[in-house]
Amino acid sequence: MCELASLQRAFASGLLGQDDAILGHIQPGRFAPDALLQIYRNNFILGLTEVLASSYPAVRAMVGETFFEAAARGFVLAAPLEEGSVMDYGEGFGDWLARLPTTAALPWLGDLARFEWGLERVSLLAPETRRWPAERLAALAPSQWDRLVLHPACDLLLLESQHPVLALWQMALHGGETVSELDAPCWLALKKRPGHRVEPIPLEATPWRLLQGCQQGRSLASLLAREPAMAEHLAPLITLDLLVDLELAP
């Protein structure tokens with residue numbers, strides 16, 4: 001078993017171009033061992049590049065195929081697949097892009113990638129089945145309101161960016177208008193809808209912070225004490241199925 005594990009590690013190192021120790025274990029045939037290793041290496045990198053392209057289509061559209069493939073290759077070599085499934089591969093690609101010297105003139109690119117990763121992650125979440133319990137809320141006594149904690153939907157992800165990532169995504173993939181103001185911040189709720197569709201819902205900063213506070217388990221009273229304007233956003237968030245349940249804190 002130890003010998004097999006050692007062989008597997010050597011093959012993995014060979015795929016990543018770290019060393020060629022595996023060459024001594026490859027039987028020559030129609031192709032020389034180094035040529036075979038290069039074929040395996042190319043297929044490995046190509047396969048993971050295609051995985052990244054499927055997760056980040058807007059990023060690919062914005063930077064072009066040549067740049068994307070070069071960046072993806074660098075990411076694959078720096079953060080190779082560590083498990084048998086590619087389902088979760090690609091997290092961190094936005095951070096990788098943001099650190100590249102060649103993307104310094106594209107400060108929004110990392111956030112666009114994080115937005116696309118969020119869309120994919122939300123599509124995999126279990127659908128929320130709860131609906132706002134208006135009757136339970138109406139039955140509460142006024143003395144209980146200070147203990148009220150609201151629960152956001154479980155198939156929801158909050159995303160904040162200093163750049164208009166939703167507009168950039170729509171421009172890249174859906175024929176949206178050209179984005180000229182690249183320093184416009186946005187606050188988004190990514191919500192799963194029927195049919196595994198994910199809806200990016202643009203919000204103002206105040207309701208976004210309200211949802212964030214609810215996700216953190218903070219009481220509604222404490223949130224409103226800090227920012228009273230949050231109260232006017234409760235009904236819209238309930239209508240959008242972003243707030244779906246409540247409980248009384250101990």
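Here the structure is shown first, and the text comes after it.
Computed from a prediction, not measured in an experiment: that's the story for all the values here. (Residues numbered from 1 in each chain as written. Predicted model: local features only at pLDDT ≥ 70, side-chain atom pairs only at ≥ 80, totals over all residues. Heavy atoms only, no water.)

(A) Representation of the nonpolar core within the structure. Formed by 36 residues in total, the largest nonpolar core has its most connected members in Leu 52, Leu 97 and Phe 115. Contributing elements (two or more residues each) for this core: α2 (33–55), α3 (57–63), α4 (65–78), α5 (93–99), α6 (109–123), α8 (165–173) and β3 (186–193). With 7 residues, the top contributor of residues to this core is α6. The contacts of Leu 52, once residues within four sequence positions are left out, are Phe 68, Ala 72, Phe 75, Val 76, Tyr 89, Gly 90 and Phe 93. (Core = buried A, V, L, I, M, F, W, Y, C linked by side-chain atoms within 4.5 Å. Buried < 20%, exposed > 50% of the residue type's maximum accessible area, 1.4 Å probe, protein only. Helix = DSSP H or I, 4+ residues; strand = E, 2+ residues; numbered from the N terminus. Contact = heavy atoms within 4.5 Å.)

(B) Expanded view of the pattern of salt bridges. Per the counting criterion, the structure on display carries 11 salt bridges. A salt bridge links Arg 136 to Asp 245; the nearest nitrogen and oxygen atoms lie 3.0 Å apart. Of the two residues, Arg 136 sits in helix α7 (residues 134–138) while Asp 245 sits in strand β5 (residues 243–248), which places them 109 residues apart along the sequence. Under the relative-accessibility criterion, Arg 136 is labelled partly exposed at 43%. Residue Asp 245 is classed as buried on the basis of its relative accessible area, which comes to 16%. For Glu 199, the salt bridge is made with Arg 193, and the minimal N-O distance between the two is 2.7 Å. By relative accessible area, Arg 193 is classed as buried at 14%. Taken together, the shared-partner salt bridges in this structure form one network comprising Glu 128, Arg 130, Arg 136 and Asp 245. (Salt bridge = Lys/Arg side-chain N within 4 Å of Asp/Glu carboxyl O.)

(C) Representation of the pairing of β3 within the structure. Among the 8 residues in β3, 7 count as buried, and that is most of the element. With 6 bridges joining them, strand β2 (residues 156–161) and β3 adopt antiparallel strand pairing. When the bridges of β3 are listed, Leu 156 appears paired with Lys 191. As defined by bridge partners, β3 adjoins strand β4 (residues 197–203) across 7 bridges and the pair is classed as antiparallel. For Lys 192, the partnering residue across the bridge sits in β4 and is Val 198. Connecting β3 to the antiparallel partner β4 that follows it, the hairpin turn spans 3 residues, and Gly 195 within it adopts a positive phi of roughly 80 degrees. (Pairing = 2+ DSSP bridges.)

(D) Region of interest: the packing of α6 against α8. Where α6 contacts α8, the axes come no closer than 9 Å and their chain directions differ by 80 degrees. Put simply, α6 runs roughly perpendicular to α8. Counting all contacts with α6, which are made through Asp 111, Leu 112, Phe 115, Glu 116 and Leu 119, the residues of α8 involved are Val 165, Leu 166, Leu 168, Trp 169 and Leu 173. Here the contact of α6 with α8 is composed, by residue class, of 8 nonpolar, no polar and 2 charged. (Axes fitted to C-alpha atoms, helices over the stretch in contact; angles between N-to-C directions. Parallel < 35°, antiparallel > 145°, perpendicular 65-115°, else oblique. Nonpolar A, V, L, I, M, F, W, Y, C, P; charged D, E, K, R; others polar.)

(E) Expanded view of the sheet that holds β2. As summarised here, the arrangement of the 3 strands in space is β2-β3-β4, forming an open sheet in which the pairing is antiparallel. Looking at the sheet topology across the chains shown, the edges are occupied by β2 and β4. Pairwise comparison of adjacent strand axes, ignoring direction, gives a mean angle of 25 degrees for this sheet. Seen against the sheet, α6 touches β2, β3 and β4 and runs at an angle of roughly 25 degrees to β3.

(F) The side chain of Ser 55, seen in detail. As for its placement among the helices and strands, Ser 55 is situated in helix α2. Classification of Ser 55 by relative accessible area gives buried; the value is 5%. Beyond its immediate stretch of four places on either side in the chain, Ser 55 contacts Glu 116, Trp 117 and Glu 120.

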